[in-house]
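Structure assessment
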Amino acid sequence: MALRARALYDFRAENPGEVSLRESEVLSLCSEQDIEGWLEGLNSRGERGLFPASYVEVLRGEPAGPPPPPPPALGDSRYANLPSGGYEPAQPFQSAAAPQLGLAFQPRAPPGGYPASQPSDDDWDDEWDDSSSTAADEPAAQPGGSYPGGYHDYEGSSRYRVSTRSDMPPGPSSLASSQAAGKGSATVSRNLNRFSAFVKSGGEAFVLGEAAGFVRDGDKLCVVPGAEGPEWQENPYPFRCSIDEPTKQTKFKGMKSYISYRLLPSHTGLQVHRRYKHFDWLYARLLDKFPVVSVPRIPEKQATGRFEEDFISKRKKGLVWWMEHMCSHPVLARCDAFQHFLSCTDEKAWKQGKRKCERDEMVGANFFLTLSLPPGSPVLEPHDVDGRLDGFKVFTKRMDEGVLQLSQTAGEFARKQAAGFKKEYQKVGQAVRGLGQAFEMDHMVFSAGLNRAMAFTGEAYEAIGEMFAEQPRQDLDPIMDLLAVYQGHLANFPDIIHVQRGALTKVRESKKQVEEGKLELQKAGEIQERCNVISYATLAEIHHFHKIRVRDFKSQMQHFLQQQICFFQKVTLKLEEALQKYDAA
């Protein structure tokens, strides 16, 4: 009698050889004997693979169908990723393939919830962040791919299975085929550094043909040809979102305080209120999902002074810039998590959508399955891509140096205006007024006009000092806010480029293996095609960066100069007014 088991928790496969489980799902086991804390079996969808033994309960004495095929030998390449001890970091399972692959496992989150977020300055222990979930909490299916809050998928909700490897029904023949496939792909070695961006992003697994999943139409990220090269397909429904009215609110009868921001998206017309922790949650989800997209950084956390007016104002400005870059990005603007963040007004629907986003399967290696190229897109030559990346690296290095220098210079100049310039102009004004007060001691009637003019001049210079102190808020502060946004983008690109470099390295390795007769030409071609997908996406992201950079710096420099002109016009008017006092003296 075949052994059966029931899944106690949801489990998402993250490595080759694993299989995903759903809570309460009935499984067929290949053997009751676990291998270093892992069992092998078939889920209800007929998919075969490994899953943690502690995630299932063995059912005894229940009838079952015919037994599944016997477990494969330990030399099967699917076991190269098998950890040697539950969910703690451990040495990789020593199979025939393991020494060559050089893998190391990361600890997996225990059942019962999602990994805890990093501590925030905005109290993450609130009830909405409760990660427990039940079947009753799951959102009901909505027509047309709609989401809580009224957002709808742009392209419907059809799902297509996309895979970078052959999908075969379980059985002895498929086992032999998978063993052969594992041996064929093992000739292209894995990176020894399992913490590199190329590995952690899932880029390596995708390029080596280990990604498989269902892709909805709404998840497709299209890259199209442009005048300057690959570009992201523009959002057919562009929108903007304002952030205003940061207000201090309390809960638990005043025991807990927080700042809430009002958001008003143009495409829904419905205002929502979000706290910093909501922004922080969304930012973490976006980083996890988009390895080749530069996700704009949110303002940093702060443990003290969170309710001071200057801090609230500065954070709001940073969030406004963040929102502008999110809405203008063709990929990020259409992300389900972002749309849920912008549109959901109901607390229960928020929790349901939040958990749905956290269970998104299109992350890691599967994310690259969502990238779509136009039919007949030419294969980009690795040499040409390398050249463009080298040029971009030189550009970003120089830009980073220039951004840092301008930020430091603008900050120093703003401090001088707020303190030094104000003080110096006030000293001049006080000196002029002092001399005027001395003139008043003559008690001559004909000197009264001069005395009044001298007093007005002193007051004018003191007022100009105040104007200098306030002016950085109008021109220099916006420049520094923009520079902070681009410092975040520039810090993102090394990892994005590293993913692309890793893919190109695999292409070169595959070509070398073909020349040595160790790899089939067809498999090398498949690696080349998958690398081509990453190349198109990377170049599209670089193009978008240059596009928004030109837009932002053009607009901000125009604003800076306009504010400078207005400022000096005000100073001129103040001085002309003082001059007229002497004409009437």
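Note that the structure is a prediction, hence the values are computed from the model and not measured.

1. Here we look at the overall build of the chain
- A tally of regular secondary structure across the chain gives twelve helices and 13 strands.
- Here the chain holds 585 residues, and the buried ones make up 45% of them.
- Of the contacts made within the chain by residues no fewer than 6 positions apart, 72% connect residues no fewer than 24 positions apart.
- A total accessible area of about 29,500 Å² is found for the chain, and carbon and sulfur atoms account for 54% of it.

2. Comments concerning the packing of helix H5 (residues 276–289) against helix H8 (residues 347–358)
- The interhelical angle for the contact between H5 and H8, taken along N-to-C directions, is 25°, at an axis separation of 11 Å. Classified by the angle their axes make, H5 and H8 are roughly parallel. For the element pair H5 and H8, the recorded crossing hand is left-handed. On H8, the residues that touch His278, Trp281 and Arg285 of H5 are Trp350, Lys354, Cys357 and Glu358.
- Taken together, the residues that form the contact of H5 with H8 break down as three nonpolar, one polar and three charged.

3. Description of unusual backbone geometry
- If you check the backbone angles, Ser24 has positive phi at about 75° while not being a glycine.
- With respect to the secondary-structure elements, Ser24 resides in the loop between strand S1 (3–7) and strand S2 (26–29).
- The class for Ser24 is partly exposed, based on a relative accessible area of 48%.
- Residue His443 is not a glycine yet carries a positive backbone phi of 60°.

4. Re the packing of aromatic side chains
- By the definition in use, this model includes 26 aromatic pairs.
- Judged by centre distance (5.9 Å) and plane angle (20°), the ring pair of Tyr425 and Tyr461 falls under stacked. Note that Tyr425 is positioned in helix H9 (residues 382–439) and Tyr461 in helix H10 (residues 448–470), a separation of 36 residues in sequence.
- In this structure Tyr425 comes out as partly exposed when scored by relative accessible area, which is 27%.

5. Topic: the confidence of the model for the chain
- On average, residues of the chain carry a pLDDT of 80, and 78% of them reach 70 or more.
- Low confidence marks residues 70–120, where pLDDT is under 50. Its contacts with residues over four positions away, or in another chain, come to 111 contacts.
- In this model, residues 166–186 is a region of pLDDT below 50 whose contacts with residues beyond four sequence positions or in other chains number 24 contacts.

6. Some words on the pattern of salt bridges
- Inspection of the entire model under this criterion finds 26 salt bridges.
- Between Lys301 and Asp280 there is a salt bridge, and its shortest N-O distance comes to 3.4 Å. Taken together, the positions of Lys301 in the loop between H5 and helix H6 (309–327) and Asp280 in helix H5 put the pair 21 residues apart, joining distant regions of the chain.
- Residue Glu509 pairs with Lys506 through a salt bridge whose shortest N-O separation is 3.8 Å. With Glu509 and Lys506 both in helix H11 (residues 476–515) and three residues apart, the pair spans about one turn of that helix.
- Judged by relative accessible area, Lys506 falls into the buried class, the value being 1%.

7. Here we look at the nonpolar core
- Counting residues in each nonpolar core, the largest one holds 91 residues, and the members touching the most others are Leu263, Met323 and Phe338.
- Ranked by residues supplied to this core, first place goes to H11 with 15 residues.
- Residue contributions to this core reach at least three from each of two domains, namely domain 2 (233–372) and domain 3 (382–583).
- Setting aside residues up to four positions removed in sequence, Phe338 forms contacts with Phe239, Leu282, Trp322, Met323, Met326, Cys327, Leu332 and Ala333.
- Core analysis: the second largest hydrophobic core is formed by 13 residues, Ala5, Leu27, Phe51 and Val56 among them.

Basis of the calculations
Residues numbered from 1 in each chain as written. Predicted model: local features only at pLDDT ≥ 70, side-chain atom pairs only at ≥ 80, totals over all residues. Heavy atoms only, no water. Helix = DSSP H or I, 4+ residues; strand = E, 2+ residues; numbered from the N terminus. Buried < 20%, exposed > 50% of the residue type's maximum accessible area, 1.4 Å probe, protein only. Contact = heavy atoms within 4.5 Å. Areas by Shrake-Rupley, 256 points an atom, 1.4 Å probe, with all protein chains shown as cover. Axes fitted to C-alpha atoms, helices over the stretch in contact; angles between N-to-C directions. Parallel < 35°, antiparallel > 145°, perpendicular 65-115°, else oblique. Left-handed = near helix turned anticlockwise from the far one by under 90°. Nonpolar A, V, L, I, M, F, W, Y, C, P; charged D, E, K, R; others polar. Phe/Tyr/Trp six-rings, centres within 6.5 Å; stacked < 30°, edge-to-face > 60°. pLDDT = per-residue confidence, 0-100. Salt bridge = Lys/Arg side-chain N within 4 Å of Asp/Glu carboxyl O. Core = buried A, V, L, I, M, F, W, Y, C linked by side-chain atoms within 4.5 Å. Domains from an automatic or database assignment.

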